[in-house]
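Given next are the chains, with one letter for each unit.
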Amino acid sequence: MAQKRYLFTPGPTPVPPQVLAALSEPVLHHRAPDFRIVYERVLGRLQEVHRTSGDVLLFTCSGTGAFESAIVNLCSPGERVLAVSAGQFGERWAAMARAYGCEVEELRYEWGETPSAADLARKLAELEPVSLVFLVHSETSTGVVCDLQSLVAAAKGAGALVLVDAVSSLGAVPLETDDWGLDVVVAGSQKALMTPPGLATVAVSAAAWELAARATLPRYYFDWERTRKAQAKLDSAFTPAVSLVVALDVALGLLLEEGLDAACARHARLGRACRAGIKAMGLELFSPDEERSAVVTAAYMPDGLDSTALTRILRDRHGITIAAGQGELKERIFRIGHIGWFDEFDIATALSAVELVLGELGAPIERGFSATRALEVYAEGAPV
Ligand SMILES: *Cc1c(COP(=O)(O)O)cnc(C)c1O
């Protein structure tokens, strides 16, 4: 019998059966009336999830592609941008803007640090004006979720627009595109949106449209204006991944049925439970021990052990996929994702398996407490 598989990574994430079932339906034609009905509903649901009455553009690409669309639509050669980075993704966006010939300033932190609004305000005051600030809401490589609202206020105070990577946070952690004045918000289908990889979204504010109208970097597939016009007629500019759009419609329906607030509260509880379980094992957290850190929990490996051994044994022997670290943290930490279609028993399973394998590898960990503690903390609800 094929081994049962468990996906406990912060992307891709597990997909609910209703969404998988939608993927098995016959392929629709993207200009046929039955697809237009789905397309219109998805675009409406995306506005609800992004919390905006403005445009949300839907692209067939990964999250990185959607971020690239923002750079090519908003920047001109030599554009002065400031990238705030404290991990893999923040650094990626700085490198990407450089590749496009932007003049990139960086507010760079050690991986695992939490960017602060005061640092950002100071940095912006030192620099000549920058037109655009890049922020990563949930830095998936470290488990840090920043205080987005305060960082946005600092950027706006200096007259810059903000481009937010919300790929792993949208649908998991509160995010208010309109109310917080976010100019561009990028997300992807394969994280909290409970859909397989392949679609990405970009919410665009009125101010961002104005900047895009003046920007001169070349663009074609990712030309926002072309996609906006096509979406307005429900006649997509190019062939979208139609089956993924049908699946995303179902997934967004599930998310909105649960309610965004309820989904965010569930993620906070999952994060709380996972951290409690890690600590009950006697391990040290790498990601912050705070409520906001509700996307992925990262922990240090016990002394002398390498997380690639842990992830390999979990995968090969138990069919369980968790994530090692990225970049310089690769072997030193492991990460358990808990975004999207996740419940407390997924957390208990992940923790039990980690405990089992670490024990086999000879780590001096406390056995038998972690899953129980996680379930208790989940049941307790929010601390007062
Ligand atoms: C997953 C992720 C991305 C995008 O990755 P793709 O592989 O291009 O979809 C970007 N930013 C963050 C924070 C992510 O977690």
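Above this text sits the structure in question.
Please read these numbers as outputs of a predicted model, since none were measured by experiment.

S.K.: Sorry if this is basic, but what is going on with the site of the ligand here?
M.R.: What surrounds the ligand is a group of 13 residues, the closest being Ser62, Thr64, Thr140, Asp165 and Lys191. Within the side chain of lysine 191, a nitrogen or oxygen atom sits 2.7 Å from an oxygen atom of the ligand. In isolation the ligand offers 380 Å² of accessible surface; the protein chains occlude 87% of this area. Contributions of two or more residues to the shell around the ligand are made by α3 (63-74) and α4 (88-99). Sorting elements by how many residues they give to the shell around the ligand places α4 first, with 3 residues. Here the residues of the shell around the ligand sort into 3 nonpolar, 7 polar and 3 charged.

S.K.: When you look at unusual backbone geometry in this model, what are you seeing that I'm missing?
M.R.: In terms of backbone geometry, most residues other than glycine have negative phi values and most peptide bonds are trans. Between glycine 11 and proline 12 the backbone carries a cis peptide bond, its omega angle lying at -5 degrees. The backbone of arginine 51 shows a phi angle near 60 degrees, a positive value even though the residue is not glycine. Looking at the element boundaries, arginine 51 is found in the loop between α2 (33-50) and β2 (55-60). Judged by relative accessible area, arginine 51 falls into the partly exposed class, the value being 40%.

S.K.: Honestly, the environment of alanine 363 in this entry has me stumped. Any pointers?
M.R.: Mapped onto the fold, alanine 363 is located in the loop between α12 (344-360) and α13 (370-380). With a relative accessible area of 11%, alanine 363 lands in the buried category. The contact partners of alanine 363, leaving out residues within four places of it in the chain, are Pro302, Leu305 and Leu358.

S.K.: Before we go on, may I ask you to explain helix α11 (residues 307-318) in this structure?
M.R.: Here α11 contains 12 residues, and its C-alpha end-to-end distance of 16 Å stays within 8% of the 16 Å for a straight helix at 1.5 Å per residue. Within the span of α11, buried status applies to Ser307, Ala309, Leu310, Thr311, Ile313 and Leu314. Against β12 (320-321), β13 (323-324), β14 (333-337) and α12 lie the buried residues of α11. Positive phi shows up at glycine 319, right after α11, with a value of about 70 degrees.

About the thresholds
Along each chain, residues carry numbers from 1 onward, in the same order as the chain's sequence is written. Two thresholds apply to this predicted model, a pLDDT of at least 70 for residue-level local features and 80 or more for giving and counting side-chain atom pairs, whereas whole-chain, interface and lining totals are computed over all residues. Values shown for side chains rest on all heavy atoms present in the structure; no hydrogens or waters enter the calculation. By convention in this text, a residue qualifies as near a molecule or strand provided that one of its non-hydrogen atoms is within 4 Å of it. Two N or O atoms count as a polar contact when they lie within 3.5 Å, although within protein this holds only if one can serve as hydrogen donor and the other as acceptor, and sequence-adjacent residues are included solely when both atoms are side-chain atoms. Each accessible area is a Shrake-Rupley estimate made with a 1.4 Å probe; only the visible protein chains count as cover when residues are assessed. To qualify as a helix, a DSSP run of H or I must reach at least 4 residues; to qualify as a strand, a run of E must reach at least 2; elements of each kind are numbered from the N terminus. Each residue gets one of three labels, nonpolar for Ala, Val, Leu, Ile, Met, Phe, Trp, Tyr, Cys and Pro, charged for Asp, Glu, Lys and Arg, and polar for the others, Gly among them. Partly exposed describes any residue whose relative accessible area lies between the buried limit of under 20% and the exposed limit of over 50%, with all areas from a 1.4 Å probe on protein chains only and scaled to the type maximum. Note on definitions: a residue-residue contact is assigned when non-hydrogen atoms from the two residues lie within 4.5 Å. Expected helix span is taken as 1.5 Å per residue step, with the number of steps being one fewer than the number of residues.

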